[in-house]
Amino acid sequence: MALLNILRYPDPRLYTVAQPVAEVDTRIRQLIRDMAETMHAASGIGLAATQVNVHQRVIVIDVSETRSQLQVFINPELIETSEQTRLSEEGCLSVPGIYDTVERSERVRLRALNEEGKTFEISADGLLAVCIQHEVDHLKGKVFVDYLSALKQMRIKTKMKKRAHAR
Ligand code: K1U
Ligand code: ZN
């Protein structure tokens, strides 16, 4: 297994639109293992392949308290999103140390492939629904910061660039 490098905002590669996985093969399964290890090592609850500079539609999520209930979504598609929304505090492993409030659908229904390449669907609410929407956005080349005001975006970019120079 391997720890992967997580791209830092405002790296332009975070704005790449991910392509569908054509076949769930050993390379994709290895990517999933490495993404899961990387997410857990970074204490995250989700990770999209875009964030590790792989532009294919793969997401891993673990919102369990024990950090032992990995959920894998290949070629995820949001097939239903509730009109009812909620405001929640979000963070992002690509924007470390920055947290802000984003409005998301309260409930979602997602269709995806599992690690065996079989189609399944799940309904989600709460933190899982928020995390799914955050990760699906990454696959579209969208970062949660994009929902914030232009002023906040500018401040976050400045902070991140200063940090990158100090490293
Ligand atoms: O995609 C990512 O960068 C992972 C991100 C997922 C996420 C967290 C919170 C709301 C929506 C999506 C993180 O895991 S950020 C770090 C984190 O562990 C966390 C932050 C806030 C609440 C819960 C967890
Ligand atoms: Zn993120």
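Parameters at a glance
Residues numbered from 1 in each chain as written. Chains lettered and ligands numbered in written order. Predicted model: local features only at pLDDT ≥ 70, side-chain atom pairs only at ≥ 80, totals over all residues. Heavy atoms only, no water. Pairing = 2+ DSSP bridges. Helix = DSSP H or I, 4+ residues; strand = E, 2+ residues; numbered from the N terminus. Axes fitted to C-alpha atoms, helices over the stretch in contact; angles between N-to-C directions. Contact = heavy atoms within 4.5 Å. Buried < 20%, exposed > 50% of the residue type's maximum accessible area, 1.4 Å probe, protein only.

Undergrad: Tell me about the sheet that holds strand 2 (residues 58-61), and please be specific about residues and values.
TA: Spatial ordering of the open sheet is given by 1-2-3-6-7, a layout of 5 strands whose pairing is antiparallel. One side of each edge strand has no neighbouring strand; the edge strands of this open sheet are strand 1 (46-48) and strand 7 (119-125). In this sheet, adjacent strand axes meet at a mean angle of 40° when their direction is disregarded. Here strand 6 (residues 107-113) runs beside strand 7; their pairing, made up of 7 bridges, is antiparallel. Within the sheet, the bridge partner assigned to Val108 lies in strand 7 and is Ala124. Each of strand 1, strand 2 and strand 3 (71-81) is contacted by helix 1 (residues 26-41), which is oriented at about 40° to strand 2, the strand it contacts most. Packing of helix 2 (residues 126-139) onto the sheet brings it into contact with strand 1, strand 2, strand 3, strand 6 and strand 7, and relative to strand 7 it is tilted by some 125°.

Undergrad: Mind laying out unusual backbone geometry, listing which residues take part and the relevant values?
TA: The amide bond that connects Tyr9 to the next residue, Pro10, takes the cis arrangement and shows omega of 5°. Structurally, Pro10 is set in the segment before helix 1. Within the chain, Arg67 stands out as a residue other than glycine whose phi angle is a positive 60°. Looking at Arg67, the relative accessible area reads 29%, which means it is partly exposed.

Fair warning: the whole summary comes from geometry, so function is off the table for now.
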